[in-house]
Amino acid sequence: MNKKRLQRLGVVCMATAMVLTTVSFPRVAKAEGETPTQAEGATSTELEKGKVLVQVDQDVLKANAMCNSEMNPAISWDSASSYTKNIDGQAEYAFDGDERLGTNSNKIAGGMWHSRYTNTNTAKIAGTETNYSAVTRGNEETINASNRPWIGSGFGRKIKLKKVTYMGRYTDTNVSNNIADYVLYYANMDNPNQEPGADDWQIAKEGTLEATSAASDIVLDTAVEATHFKLVGKTVYNNQAGTSTAGGDALVCAREIKVYELKDIDINLTAPTSTDGTNADATTSETGTVESAEDISESPATMTGVVVKNKNELDLAHPVTVTSTTGDKLDITGENNKNDSVLIQFQIKLKELPSENHDSVIVAKGDQYKIAYRKTTWNNQTVYRIKFWVTGPDSLGDNRWKEVGCNFTDARYLNKWITVTAMYDGTSATKLWINETSKNDGWNSNNNRNVGAAIVHEDANVMIGDSTGINGYIKDLKIYSHLGSNVTNNQTNYSALVSALSDSANATKVFDLSATPAVTPAYTLATTWNTETKQDPETHLDKNTYTETVTVNPATNASIVTAPEAVTVNIDGKTQNNKVVPVSEDSTVADNGTATVKYVFEDMLRGGSLRMITANGETDYTKTSMRFGYDFKLPADTTFDSCAWYYGTTANDLRLSLTPGANTKKIENPTTTKQGYIRSNIVFTNIAKANFDRNIFARVLVKYTKDGKTYSKMGAYVDQNSVSSIAEKIKKSGSETEKNYVNELTKTD
C-alpha cells in the first residue's frame, strides 16, 4: 500500500494542521471544493447589522399629500386674526411640520387637514371675509360605509415603512373628529410616483387610537416595503370621547401626521495593513447630500432660485431662472436653415386651482414660448386652463399668436402627477398632450392661421414657476428644439413622437433637468482607535491589537432601534471581497440614543513552516507544503467556535476562502508558555518548485460564542509567506535534518 506522509520541518513547527488540499500556481491559490463566492453562512444571512428608525421628510409628504375629502379652499374660525389663519384645510396641512398648540390666534401658524364640511354657519374662507358655503368639488369621493375619509401621501421612493404617528385636534377637552378606529394601508408601486389604484393598497394594521391630543403611534410588527400610505378613519371621537362612524356629519381631522422608515445601519471598517500604517475611520453609505439642481444637456445652462422637493422635482411657487451660458441655446428662432420649433415635456402636480386672474408661468421664455396656468372668465363662468403658445412678429398684429389649451377645471387633474407635452412644429401647429392624449378643448385655438410665420427672438431667460397664483410641483423637465420630421410628422402618434426624441438627429435637447434634494443622514459615525502592544510569551516578539470603537449618532428625528451585531470589513482594499462578520463584543445603546460598536484586529500570526511530502518512502523534492500558524486567546467567558481564512496570491485580492466552521482543528494550551492560548493552522499543499518564490497572502478570522451569540476578531494584517522565504530561515537556524531537506528542496539543476 502506498502511503503519503507529511513530516513537519521548519524553524516554527506546528502540529494538528487544518489542511487546504489543492493549491494551483501561478494563477491563484485555490482550495478544493472552495469557490471565490463562498458564503459566510450565518455571518452574512442571520446577524443583524443594526436598525435605525428615521422620520420621512415632511416636505416630501407635503408635496405628495393626497386624500379623498378635504376643505379646499381652507376655512377659518379665528375672528381674532380677521380669519387669516388656515385652520381647517387641505391634506398637505397634516404634513406642514406645525403641530399647533391651540385656538388662540397667536399660537396657530398652520392648519390641519379636515374632511369636507357639508354645511356650516360661522366659518369664512381663510384669508377673506367671505362666508363659507358648501361647494361640490370634482375630486371628492363619495363617503359611505365602504369608503371612509382617508389621508395619505407618497414617499417618492421605496422605504421600509415601520411607524406612523397621528395627532388629532389640539386639546384633550375637545377631541371631536379625531380618528378612533383606523385602518392603515400601504402600497408598493414599481413606479414610486404612480398613484396607487384600488387594487394596489394592502392593509398594514388595524386598531383604535386613544382620545388624546398627543401623538398616537401606529407601529407595525414587521416593516413593509412601501411607496405610499393612507390612514382611513373608520370611526371618530365626538366631544364626549364617544365614537361615531366617520363620514357625513361625522368628520375627520389630522393636525400632524409623521411617517418613519426602518433603515439598516451600515458600518464599513477597513482592516489595518501594517504596523506603521494609519488606521482608517469607519465609513457608511448613509451619507448626507446637499440640494442641487442643474441642466445636464450639452453646454448646460445655469439655474438660480431652485427649491428642490424630490428627485428631479421643483416647487413651482419658487420661480427658477434658467440662463444660457453658451449663446442663447434656449432660443428657438430658426438657424442653420432649420424651422423654428420647440417641444417641452414635464410632469406636474397642481395642489389647488389658481386664485388669480393672470397667467401663472409653468415654463416660459418670455412670450416666445410659454406654458401657463390661469383662472379666467369664459361665457360668464370661471374656468381654469393650462395653455401653450408661441409668438410671431408684431407685424402680424392680432394674428401673431399660435396657441392651444386644455380645460383644467376638472379636479381629477389636481393632486396627481400629470404628464404634459407641448410642441410647436415650426410651421403651423401648436399641440398639447395631457397624459399622452391630445387636447385642445375649451380653447379658441389659433392653429389654423399664421402658417409658416417666424417666431420672434426675445431676449429673456427661461423661467420655471411663478411666485404668485400657482401651487404645485414640476419634475423631469426637458426642452427640445430643431425638431426633425420624425417628430413633427408624428403628431397623431404620440408614442412614436416621444420615441423619436431619443435620437439627436430628430431633436436637439437644450434643457434637461436634474435635481437632487438635500438629504440628512439618519445617523453619523465617530471612530476611535486603541492600540495595545504585548509580547508573545514564546517568540518574545511584539504583537499589536487594534480595537476600533464606532459610535453611531442618530440624527434629529431618528433613533437606534437595534444595535449592530455585525459589521462589514474591507479585508484587502477591494470592496468586492468585503466580509460581513460578527462584532467583537456586545454592541450597546446608551440612554442618549447612541450605539457603540467594537471590533478587534489582532496580530495572531505565529509563523510559517514547511512540511515534507513523501510517497513510497521517497521524499518528493519537486513540491512541498507550507503552513501558516496562528495563536490567539479568547475573551473571558467565551467559547471557541471556528476559524476562517481569506487568501490569495496578491495582498490586495484575498478572493478565496477556507471556512471549515465546526470542523476547524485546533490545539488548546499548545506549549507550557502559552497556557490559555488556542493554535490553529492553515496548510497549502503541493506547491510546485516553479512557485517556491511566489508569496501566498492570508488573513485569519476567529469566531467565538457567548450565551448563544457569535462574535469575531480578525487578523491585524495580511500575512504573507513563500516557500523560499521560509527555506532561507531554516537554512540559518534549523536542525541538520531540516537544513538538508530545504537544501535538496531548493537545489537547482
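Scroll up a little and you will see the structure.
Residues numbered from 1 in each chain as written. Predicted model: local features only at pLDDT ≥ 70, side-chain atom pairs only at ≥ 80, totals over all residues. Heavy atoms only, no water.

**What about the sheet that holds strand β37 (residues 566–570)?**
Right, on to step 1. The strand order β17-β37-β38 describes an open sheet built from three strands, whose pairing is mixed. Each of the sheet's edge strands pairs with one partner strand only, and the pair in question is β17 (268–270) and β38 (579–582). Direction aside, neighbouring strands of the sheet carry axes that sit 40° apart on average.
Right, on to step 2. Across three bridges, the pairing between β17 and β37 is parallel. From the neighbouring strand, N268 faces β37, where its bridge partner is T568. (Pairing = 2+ DSSP bridges. Helix = DSSP H or I, 4+ residues; strand = E, 2+ residues; numbered from the N terminus. Axes fitted to C-alpha atoms, helices over the stretch in contact; angles between N-to-C directions.)

**Concerning the sheet that holds strand β27 (residues 401–407)**
Right, on to step 1. Read across the open sheet, the seven strands follow the order β19-β22-β31-β24-β25-β26-β27; overall the sheet is antiparallel. Looking at the sheet topology across the chains shown, the edges are occupied by β19 (302–304) and β27. The average undirected angle you get between the axes of adjacent strands in this sheet is 30°.
Right, on to step 2. In this structure, strand β22 (residues 320–323) lies alongside strand β31 (residues 462–464), joined through three bridges in antiparallel fashion. Counted as the bridge partner of V322 is V462 from β31.

**Considering unusual backbone geometry**
Right, on to step 1. Of note, S299 is a non-glycine position whose phi angle comes to about 50°, a positive value.
Right, on to step 2. Mapped onto the elements, S299 comes out in the loop between β18 (292–295) and β19.
Right, on to step 3. A positive phi angle is found at D637, which is not glycine, with a value near 65°.
Right, on to step 4. Relative to the helices and strands, D637 is located in the loop between β43 (623–632) and β44 (639–648).

**Focus: the packing of helix α5 (residues 723–733) against helix α6 (residues 736–746)**
Right, on to step 1. In contact at an axis separation of 9 Å, α5 and α6 are set at 140° when each is read in the N-to-C sense. Compared by their axis directions, α5 and α6 come out oblique. When you trace α5 past α6, the crossing you get is left-handed. In contact with V723, A727, I730, K731, K732 and S733 of α5, α6 contributes E738, K739, V742, N743, L745 and T746.
Right, on to step 2. When its residues are assigned to classes, the contact of α5 with α6 shows five nonpolar, three polar and four charged. (Parallel < 35°, antiparallel > 145°, perpendicular 65-115°, else oblique. Left-handed = near helix turned anticlockwise from the far one by under 90°. Contact = heavy atoms within 4.5 Å. Nonpolar A, V, L, I, M, F, W, Y, C, P; charged D, E, K, R; others polar.)

**Some words on the packing of aromatic side chains**
Right, on to step 1. Enumeration over the complete set of coordinates arrives at 14 aromatic pairs.
Right, on to step 2. Both rings, one in F95 and one in F229, keep their centres 6.4 Å apart while their planes meet at 90°; by these two values the pair is edge-to-face. Separated by 134 residues along the polypeptide, F95 in the loop between β6 (88–89) and β7 (112–114) and F229 in strand β12 (residues 216–233) bring together distant segments of the chain.
Right, on to step 3. On the basis of relative accessibility, which here comes to 0%, the residue F229 falls in the buried class.
Right, on to step 4. Taking 5.9 Å as the distance between ring centres and 40° as the angle between the ring planes, the aromatic pair formed by Y621 and Y741 counts as tilted. (Phe/Tyr/Trp six-rings, centres within 6.5 Å; stacked < 30°, edge-to-face > 60°. Buried < 20%, exposed > 50% of the residue type's maximum accessible area, 1.4 Å probe, protein only.)

**A word on the side chain of K365**
Right, on to step 1. Along the chain, the position of K365 falls in strand β24 (residues 360–365).
Right, on to step 2. Owing to a relative accessible area of 0%, K365 belongs among the buried residues under this scheme.
Right, on to step 3. At 2.8 Å, the side chain of K365 and the backbone oxygen of A460 are in polar contact.
Right, on to step 4. Excluding residues that lie within four positions of it along the chain, K365 makes contacts with D328, L330, D331, E458, A460, N461 and V462. (Polar contact = N/O pair within 3.5 Å; in protein donor to acceptor, adjacent residues only side chain to side chain.)

**Some details on α6**
Right, on to step 1. Of the positions making up α6, those classed as buried are E738, Y741, V742 and L745. For α6, the angular spread of buried residues about the axis comes to 90°, placing them on one side. (Arc of directions from axis to C-beta.)

**What about the pattern of salt bridges?**
Right, on to step 1. All told, the structure shown has 32 salt bridges when counted by the stated rule.
Right, on to step 2. Put simply, D536, E538, R606, D631, K674 and R679 are held in one network by salt bridges that share partners. (Salt bridge = Lys/Arg side-chain N within 4 Å of Asp/Glu carboxyl O.)

**Regarding the environment of C67**
Right, on to step 1. With respect to the secondary-structure elements, C67 resides in strand β4 (residues 66–67).
Right, on to step 2. The exposure class assigned to C67 is buried, which follows from its relative accessible area of 16%.
Right, on to step 3. When the C-alpha atoms of C67 and E92 are compared, they prove to be 9.3 Å apart, with 25 residues separating the residues in sequence.
Right, on to step 4. Setting aside residues up to four positions removed in sequence, C67 forms contacts with A91, W113, W150 and I151.

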